Amino acid sequence: MAIYNIHAGHNFKVGGSSGYFSETTESRNVKNAVISKLQSLDYKVYDCTDDSGKTQNENLKNIVSKCNDHTADLNISIHFNASNGQGHGVEVLQYSNKTKTAAQNICNAIAELGFKNRGVKDRTDLYVLKHTKAPAILIECCFCDSAIDAGLYNYDSMAAAIVKGLTG
Ligand SMILES: [Zn+2]
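All of the points below concern the structure found in this document. Note that the structure is a prediction, hence the values are computed from the model and not measured.

About the cut-offs
Residues numbered from 1 in each chain as written. Predicted model: local features only at pLDDT ≥ 70, side-chain atom pairs only at ≥ 80, totals over all residues. Heavy atoms only, no water. Donors = N, O, S within 2.8 Å, 3.2 Å for Na, K, Ca; no water. Helix = DSSP H or I, 4+ residues; strand = E, 2+ residues; numbered from the N terminus. Buried < 20%, exposed > 50% of the residue type's maximum accessible area, 1.4 Å probe, protein only. Axes fitted to C-alpha atoms, helices over the stretch in contact; angles between N-to-C directions. Left-handed = near helix turned anticlockwise from the far one by under 90°. Contact = heavy atoms within 4.5 Å. Nonpolar A, V, L, I, M, F, W, Y, C, P; charged D, E, K, R; others polar. Salt bridge = Lys/Arg side-chain N within 4 Å of Asp/Glu carboxyl O. Parallel < 35°, antiparallel > 145°, perpendicular 65-115°, else oblique.

A few words now on the coordination of the zinc ion. At this site the zinc ion is bound by His10 (NE2), Glu23 (OE) and His79 (ND1), with donor distances of 2.0 to 2.1 Å. Ordering the donors of the zinc ion by residue number gives the pattern H-x12-E-x55-H. Placement of the pair is Glu23 in helix α1 (residues 23-40) and His79 in strand β3 (residues 74-81), with a sequence separation of 56 residues. On the basis of relative accessibility, which here comes to 1%, the residue Glu23 falls in the buried class.

For the rest of this paragraph, the subject is the packing of helix α3 (residues 100-111) against helix α6 (residues 155-167). When two helices pack together, their arrangement is captured by the angle between the axes and the distance separating the axes. The N-to-C vectors of α3 and α6 enclose an angle of 145°; their axes lie 8 Å apart at closest approach. Crossing angle aside, the handedness with which α3 passes α6 is right-handed. When α3 is examined against α6, the residues Asn105, Ile106, Ala109 and Ile110 are found in contact with a partner set consisting of Met158, Ala161, Ile162, Gly165 and Leu166. Looking at side-chain class alone, the contact of α3 with α6 contains seven nonpolar, two polar and no charged residues.

Quick look at the pattern of salt bridges now. Within this structure, the stated rule accounts for seven salt bridges. Here Glu91 and Arg118 are joined by a salt bridge, their closest N and O atoms 2.7 Å apart. Here the residue Glu91 occupies a position in strand β4 (residues 90-94), and Arg118 occupies one in strand β5 (residues 117-122), the gap between them amounting to 27 residues. Glu91 gets classed as buried once you look at its relative accessible area, which sits at 9%. With relative accessibility at 28%, the residue Arg118 sits in the partly exposed group. Of the charged contacts in the structure, one is a salt bridge between Asp125 and Arg123, with a shortest N-O distance of 2.8 Å. Residue classification places Arg123 among the partly exposed positions, given a relative accessible area of 31%.

So, about the packing of α1 against α6. At a minimum axis distance of 8 Å, the contact between α1 and α6 shows a crossing angle of 50°. Comparing the axis directions of α1 and α6 gives the class oblique. The element α1 and its partner α6 pack so that their crossing is right-handed. On α6, the residues touching Glu26, Asn29, Val30, Ala33, Val34, Lys37 and Leu38 of α1 are Tyr155, Asp156, Met158, Ala159, Ala160, Ile162, Val163, Leu166 and Thr167. For the contact of α1 with α6, the per-class residue count stands at eleven nonpolar, two polar and three charged.

Keep in mind these numbers describe shape, not what the thing actually does.
Right, here's the structure in full:
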């Protein structure tokens, strides 16, 4: 069975985006629910969330170091997007096409909850995607500053969609 590294983005010392809700808080709620759902399906999961880094760089380095402490098949980073209040929907960022199937399945499963499907995007510039040993994806679950997305969002259904996308 696949082994997963999962982490929530940002931390309370650095802070992520906010709007109708806090990215830092909700990425942790989603991450915790994903971990317990995967564990109940007997998957091995490591929580690589960093709550101690005092700068964005420290936070990212700590996450990568935790990810690379384990042998895993996939690193999963949980984030929420923000823009000017007009953006909405889910997107999954990947470093390479090695993760295309998982990324696309997760994106589609979240879109089935009613979120706009913004698709899978290649990003070779993101620190965590670039520096983890195992392939990595970053899920921008939805927009925390969108009224539409905030109305659809629930951490438990979001986590269930991620698990469904990962495991089928
Ligand atoms: Zn983020």
